[in-house]
Structure formats: C-alpha cells, structure tokens
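Residue-level listing of the chains:
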Amino acid sequence: MKCLLVASESAEVLFHWTDLEYQQNIQERYGAAQEEGEELPAFEDILSTLFAPIIISYSTMEDSYTSFTTEDNHIYVLHQFDECLYIAVNGDGEEKEDDLRRKMYVMKKMIEVMFGMVTLSGNLLRKELRPQDTEQRTRLWKYLQSLIETYTHLRDNDQSFLVEAVERLIHPTLCEMCIEFLERSLVQKLNSSVERAGEEVLHAFILVHTKLLAFYSSRNASILTTPDLLALIIMAQNLYPCNGDLDDPSPEDIESTSGSGPESFYTPEPSPSSRDSSSSEKCGRGGTPVFEFVDPDIQMAEDSLHTLEVGPPDPSTPRRVFLDVSLKDGLYPMMPHSMYCLPLWPGITLVLLTKIPTSAVAVSVYKYLEDFDKLEKRLRDSQGSSAAARSPLNMQDVRSKLDKFIKALGPNELQFAQLHSVWTEFKNRAFARGKSGFTKDLIPLCKKMKTQLCGIYRQCFLTDPPDVSHRLSLGLQERAQAMVREKLMDWKDFLDDFPGLIHFICVDRSSGQMIAPSLSITERTTSELGKGPVAHYIKNKVWGLVRTTRRYLQKGYSTVTLRDGDFYFCYFLWFENETGYKLDSVNIPELSDDSPPIGMLACDYYKRLLRYYSKNHKGETVKCYELLTVHLGVIPTEIILQHCRQLASKLWEPSRNPLL
C-alpha cells in the first residue's frame, strides 16, 4: 500500500508510482462509487481526482501541514520542492514518516541527476516529467518507477544504502592492481582513441553489485561526490539487477573459468544479500541472512563466492547524467556527463563517466543563472529606485560576456531566437540612456532570462535520442569491456576469500565510505546465530538500530547505548583531525521533525555537520566518523566499549584500505 506522487500547483500529475496493492485498493474504492456499467477512467485521472483536494488545500493554507494520518492509518507526507509538490503515502505500516520523507528527497535527487538545471525552471521541468507524447511519457514514468523500486529494495536490504555511504570491497592488493589497470591501460587508451568523438573519460569504476571494487579519476576530473556516486549506483543496479535465479553452488559445482563452454566468474553477494523473491521480481534467490563471528583483526574482504553464467554481451547506450563539479572558481552543480554501464559478468559492472564536448555551455549557463538570480534578489531587497550603485555585480561585464555567449550559440535554433529576444528587451530596459534601469521592474525579465537560459541548457543536453556521433563508439565500448574482463580473469583468485565479522557498521562521513561485515543469505552456511528466523530477526534489529540512532542524532545526541533483549547496541559519532587525533565533542544542533532526512544521498547532512564543527577548528582538516555495533547482551559493558575503541582505531588504518 505505497504511493509516490509529484504534482504541479494546479494539481496536474507530473509523475506517479504505486505498488499493485495500492492501485487495486484505489480502483476498487473508485469503482464502488461509479454507476453500474460505467467504465473506470484511467488510473492517472483517478489519482488526480483523489489528490486534488490535498494539493489545493496545501497550496492555499498559510501554515501548510507536512504530514497527516487518516482514519484507516494511511500516512501522508508532503513537501514542496520549488513549483512541484511531492506526496508520499504508506498504508501497510512498512514505512514511517522518515522513510517517506527520505524517499521524496531521493526521488528529487534522481530527477536532478536525470534532468540537471532544467529542474530550476518549473515550466520546463513539467514538460520533461510529463511529455505530451503518451508513449514517451509511459516510457519515462516506467523508468522513474523502476528507479524508485530499485532504491527501495537497496534501502531495505543493502547496508550501504541503509547508512547512505559507499561500501568498498576490502582487498588492498586486488583494488590497487585494478586501479593501476584503470589508469594506465583503460582510461589512457580510451582518451587517446580517435573513436571517442570528443568525449573524455573522467571517472572509471568497477562495481560488484553495489560495492566498489576500484575507482579511478583522471587528473582533469573533479571529485565525484558521495550523493552523486550513490545515485549512479542506483542507476547501474537498476540497469543490471542481480541475478537471483542461481542457487549457491557447492564446491563440486564450481568450474574453471578457462576452457570451453560458457564463461563464469566468482561474484560476491551484495551486503546484505541479493533480493529475495518476496521483495522483488528481478531476483528470486531465497534464504535467510547469516552472520559470521570472527576476530576483528581478520581482513574484512567479505562474502563467499559463487559462479555465474554469462549472458550475451549487451553494451549499454550511454545515459546523460548531471553531476556536481568542483572547478578552480567554485562548485558547479548539475554539469552534463555521459554514463556508460558495461556489464562484465552478472553482478560485476564497469562504469565510465565522460565529459562531453559541449560541457562548457553548461558552465556558462550556470554562471549567468547565478548572475540573474543574485540581481533578482538584490532588486527585491532594494529600498530605493535603483540597486545598481550598491550591487557588487558588474552587469556591464555580464552584458559583454552574455552577448558573446549568445552570438556563439548560432542563430538557427528556435531557443536561440527566444533567448535573444528576451535579452534584447532586458538590455533596452536595464541600460537605458540617461537613467539607471536597475529597478524592481526588471524582476519579471530576470525570471524570463533564467527560464530562457534553462531552455538553452535543455536543448543542448536533453535531446532525445542523444546524437550517436557524439559518444564513445560501440566498438570502443566493447574493447573496454573485453580489456577489463581479461584483466579481472587474471586476478580472480584474489576474490576467493571474503569472511564475515561480528556485526558492526563503520562509516567515514568525510569520504562517504563505509565498512561492514556481510549479512549473507545461504542455506548452506551457518554460524553462531544460526539461520532462518533468528538471522532475519538480527537483520531487522540492525535496520531498526539505524533508524533509532537517526532519531537521537536529530535531537542532538552523538552517543547512544541501549539494551534490547539479548542484544546490546552502541552508536558513536565523533570527529578527528587528519592525524587521527580525536577532537573534543560539541553539542550537535537539533533538527525539526520536518527537516531533510539525515543521510548523504537525499540531503548531505554530514557535509553541513562538518562545516558547523569546523568553525572552531579553522586551519584544520576535520573528519567525521560513525560506528554502530551489535553485541550479545551477556558480554560485560566494559568489554563492549573496549571492542568499540579497538574497532574504531583499527578499521581505518592505511594498511587496511585500498588506494582510492
């Protein structure tokens, strides 16, 4: 009984996703009110009618509500993002308010990654989310719906998406060899090829399900932020979901990867396990999570391995994605890239992110958007008739540069003509002879200029389908795929041993990376915790612990210890300088109940927390860490705390981490 809806202020449905149970429930309720023999309207129209009173009341009330619960225990959570209203609903009790709010923020993030700066214009975003062509709209909505389902599955089953940090496969030797290969062989060859059509590979990384095996960025590349990387992992998992149709093989089932017959490769299970049949149709592997208790000193390279048959090669068409880029003169959000997902084996994917030849246009558009946004704010705040004298903006400089920018675009495009027309009107009003035209009367023209700039951005980077001549050739993609396959086959023995560990989750919030033992699913493996209902029970406890610690963190607590039946849970958040010295604790700001969810994918809470803490440590590099542990309750408290200290000191030793 779940629903997520995006609507305009006029109650037009821009996007919706529902599970089958919610759809059937709504159709039955609506059908009962219909006259006999009358056909049901389209489901989209039913949703529009159903949600219209909520949307209208939300937009007209002075003190808008953010959530409510109906008599039949359906939870509704609402949030306005610019001109779009997001509404998330749950009626089966499986999601709380925080889960629904997080889902809305994640959906907004995925839309930004897909549409970039077009999201800054409500009118253009409506056109993108609700294309007039019905077939195109159906195709887009199905893709967005599949992204929600992929994210929801990962949030409920994968530890890295539980805590919203990137999980790495911990095998330093293999990781360093892979990174060296990506740098010296793959990326250099791709960037020197004549078949790259002007594109430049900036980032290359290898995923084992949702885990990062190796990551390489070229010297010209900006840092890929954790929120963007998590969003890309969702898209990669959505494109190549896990294959759960194969049972875990026994040792005698494992065949050599060399020789004739279908290729096979040892692939770690995701952590926690691959999807079970009740939660997703994409993966049918059943079973229960199993925990392995071993010495914390053992290297945590995790997950037992199994062989998987390889299907026919399917090099993917690149997808345009929009990611944050840090340049010398500042941060530029939502810059266009091409994303290539090349399957190596089931569960193992090579991802390439390339810079496209026309990306400089996006940089210029963002600069001008900022200029007009700043001017609009100053005009609104100005008390007198003119804000030009007090404004630090050099509009003459903006005028000169924008004239050159528009001239370089070319006069043959319709969007160019519209931008040129609005810009001419703006100049005639703003730079009138004999008087300053920088008054509040310019505000509507500032808005028009921002819309037209977003339109140029849309025309340049959101054409559908993308121009085949401006991407890596299919042959080049296939050669890259073959090169990485061949090299990983040489190194497959390194992936042979991934033992588990007593359960904990440790997160470096400065880098957005996490380490945790796996929560394996297999009927052939057992541990002190056994398998079946007990193991499922522990898994649910871990997920519940994360939700509980977030609530305490929201209220300003950085340490939580609690006993729950036979188990003892601990949570610690602390700060260190770059030498590893633990810094003094401070009072963490409390957050309101309707604040953005704590995490890194939906909204980077920890980036703001680091900025807040660093105010008192100017000139120092401050790092933030989190540690969650689960112990059996019979262990004395002093031993538990000693274990936590030992884990915290050992997990991030340089010798234990691959070079990233």
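Residues numbered from 1 in each chain as written. Predicted model: local features only at pLDDT ≥ 70, side-chain atom pairs only at ≥ 80, totals over all residues. Heavy atoms only, no water.

**Overview of the overall build of the chain**
Okay, so step 1: Counting its regular elements, the chain contains 16 helices and 20 strands.
Okay, so step 2: Of all 660 residues assigned to the chain, the portion counted as buried reaches 54%.
Okay, so step 3: Once local pairs closer than 6 in sequence are excluded, the contacts in the chain between residues at least 24 apart make up 72%.
Okay, so step 4: Summing over all exposed atoms, the chain offers an accessible surface of approximately 30,300 Å²; the carbon and sulfur share of this is 49%. (Helix = DSSP H or I, 4+ residues; strand = E, 2+ residues; numbered from the N terminus. Buried < 20%, exposed > 50% of the residue type's maximum accessible area, 1.4 Å probe, protein only. Contact = heavy atoms within 4.5 Å. Areas by Shrake-Rupley, 256 points an atom, 1.4 Å probe, with all protein chains shown as cover.)

**Quick notes on unusual backbone geometry**
Okay, so step 1: One non-glycine residue, Asp82, lies in positive phi territory at about 55 degrees.
Okay, so step 2: If you trace the backbone, Asp82 turns up in the loop between strand 4 (75-81) and strand 5 (84-90).
Okay, so step 3: Of note in the backbone geometry, His209 takes a positive phi value of approximately 55 degrees without being a glycine.
Okay, so step 4: The class of His209 is buried, set by a relative accessible area of 8%.

**What to know about the confidence of the model for the chain**
Okay, so step 1: In this model, the chain carries a mean pLDDT of 79, and residues with pLDDT of at least 70 account for 77%.
Okay, so step 2: For residues 244-315, every residue scores under 50 in pLDDT, and the model assigns this stretch 225 contacts once sequence neighbours within four places are set aside.
Okay, so step 3: The low-confidence segment residues 491-501 (pLDDT under 50) makes 38 contacts with residues lying over four places distant or belonging to another chain. (pLDDT = per-residue confidence, 0-100.)

**Focus: the pattern of salt bridges**
Okay, so step 1: Scanning the model with the defined rule gives 27 salt bridges in all.
Okay, so step 2: Asp156 is paired through a salt bridge with Arg155; the nearest N and O atoms lie 3.0 Å apart.
Okay, so step 3: On the basis of relative accessibility, which here comes to 25%, the residue Asp156 falls in the partly exposed class.
Okay, so step 4: Through salt bridges with shared partners, a single ionic network connects Asp373, Glu376, Lys377, Arg380, Lys447 and Lys450. (Salt bridge = Lys/Arg side-chain N within 4 Å of Asp/Glu carboxyl O.)

**Here we look at the sheet that holds strand 2 (residues 13-18)**
Okay, so step 1: Strand order in the open sheet formed by 5 strands is 2-1-5-4-3, and the pairing between neighbours is antiparallel. Strand pairing shows two members of the sheet lacking a second neighbour, strand 2 and strand 3 (67-69), which therefore form its edges. Averaged over all adjacent pairs, the angle separating strand axes in this sheet is 10 degrees, with direction ignored.
Okay, so step 2: Relative to strand 5, strand 4 runs antiparallel, the two being bridged by 7 bridges. Note on strand 5: the bridge partner recorded for Val77 is Ala88. (Pairing = 2+ DSSP bridges. Axes fitted to C-alpha atoms, helices over the stretch in contact; angles between N-to-C directions.)

**Structural notes on a positive patch on the surface**
Okay, so step 1: A cluster of basic residues, Lys607, Arg608, Arg611, Lys615 and Lys618, forms a positive patch on the protein surface.
Okay, so step 2: With respect to the helices and strands, the residue Arg608 is situated in helix 15 (residues 605-614). (Patch = residues over 30% accessible without salt bridge, like charges linked within 9 Å, V, L, I, M, F, W, Y side chains within 5 Å. Lys, Arg positive; Asp, Glu negative; His and termini not counted. Charge placed at Lys NZ, Arg CZ, Asp CG, Glu CD.)

**With respect to the pairing of strand 1 (residues 2-8)**
Okay, so step 1: The buried fraction of strand 1 amounts to 7 of the 7 residues, a majority that puts the element mostly inside the structure.
Okay, so step 2: Residues Lys2, Leu4, Val6 and Ser8 point to one face of strand 1 and Cys3, Leu5 and Ala7 to the other, with burial holding for every one of them.
Okay, so step 3: Both strand 1 and strand 5 contribute to a ladder of 7 bridges, which runs antiparallel. Paired with Cys3 across the strands is Val89, a residue of strand 5.

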